[in-house]
Amino acid sequence: QVQLVESGGGLVQAGGSLRLSCAASGRTFSTYTMGWFRQAPGKEREFVARISQNGGITYYTDSVKGRFTISRDNAKNTVFLQVNSLKPEDTAVYYCAARSRYSSTYDFWGQGTHVTVSS
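Fair warning: this is a prediction, and the values are worked out from it, not measured in the lab.

Some points on the nonpolar core
Working step 1: Leu-4, Met-34, Trp-36, Val-79, Leu-81 and Tyr-94 are the most contacted members of the largest nonpolar core, which totals 30 residues.
Working step 2: Taken together, the elements giving at least two residues each to this core come down to β3 (18–24), β4 (33–39), β5 (46–51), β7 (68–73), β8 (78–83), β9 (92–99) and β11 (113–118).
Working step 3: In this structure, Leu-81 is in contact with Leu-18, Arg-19, Leu-20, Trp-36, Val-48, Ala-49, Phe-68, Thr-69, Ile-70 and Tyr-94, ignoring residues within four places of it in sequence.

Describing the sheet that holds strand β1 (residues 4–7)
Working step 1: With antiparallel pairing, four strands are arranged side by side in an open sheet as β1-β3-β8-β7. Each edge of the open sheet carries a strand with a single partner, namely β1 and β7. For this sheet the average axis-to-axis angle between neighbouring strands, irrespective of direction, equals 15 degrees.
Working step 2: In terms of strand pairing, β1 meets β3 through four bridges, oriented antiparallel. Among the inter-strand pairings, Val-5 is bridged to a residue of β3, identified as Ala-23.

The rules behind each value
- Residues numbered from 1 in each chain as written.
- Predicted model: local features only at pLDDT ≥ 70, side-chain atom pairs only at ≥ 80, totals over all residues.
- Heavy atoms only, no water.
- Core = buried A, V, L, I, M, F, W, Y, C linked by side-chain atoms within 4.5 Å.
- Buried < 20%, exposed > 50% of the residue type's maximum accessible area, 1.4 Å probe, protein only.
- Helix = DSSP H or I, 4+ residues; strand = E, 2+ residues; numbered from the N terminus.
- Contact = heavy atoms within 4.5 Å.
- Pairing = 2+ DSSP bridges.
- Axes fitted to C-alpha atoms, helices over the stretch in contact; angles between N-to-C directions.

And the structure:
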C-alpha cells in the first residue's frame, strides 16, 4: 500500500508559478512510476505528466510541455510538479498517482490539491 498526500496548490495569477509536492508513505516508493493528473471543473480527469522509477524518463501531455516539470526525490519519497507560466485553463484539482511495475494502471491516488489561476 502507498499513501499519497499532495500539497502546494493555491491561487495564482496567470503567468505565475507553483511547485506541487506529493509525499508518499512506504519503503517501496522507488519502485513506482509516478504520475500527475488533473481534473478541471466539469471535465474528466486528464493525464499531465509521469516519471519513471529512477527519474530518468519523463513524459508530458502536449498542453504542458515546456511549462511543467516533473521530478522526484526517492530518498525523500516525494514527487514534484513545477508548474510555470500558468494559464487560467490550468485551473484544476491536481492529483498524484503511483503505478507499480506490475500494473498497467495507476493503483494509488492522493486526495488532490487545488490550483486556481486567475486571469
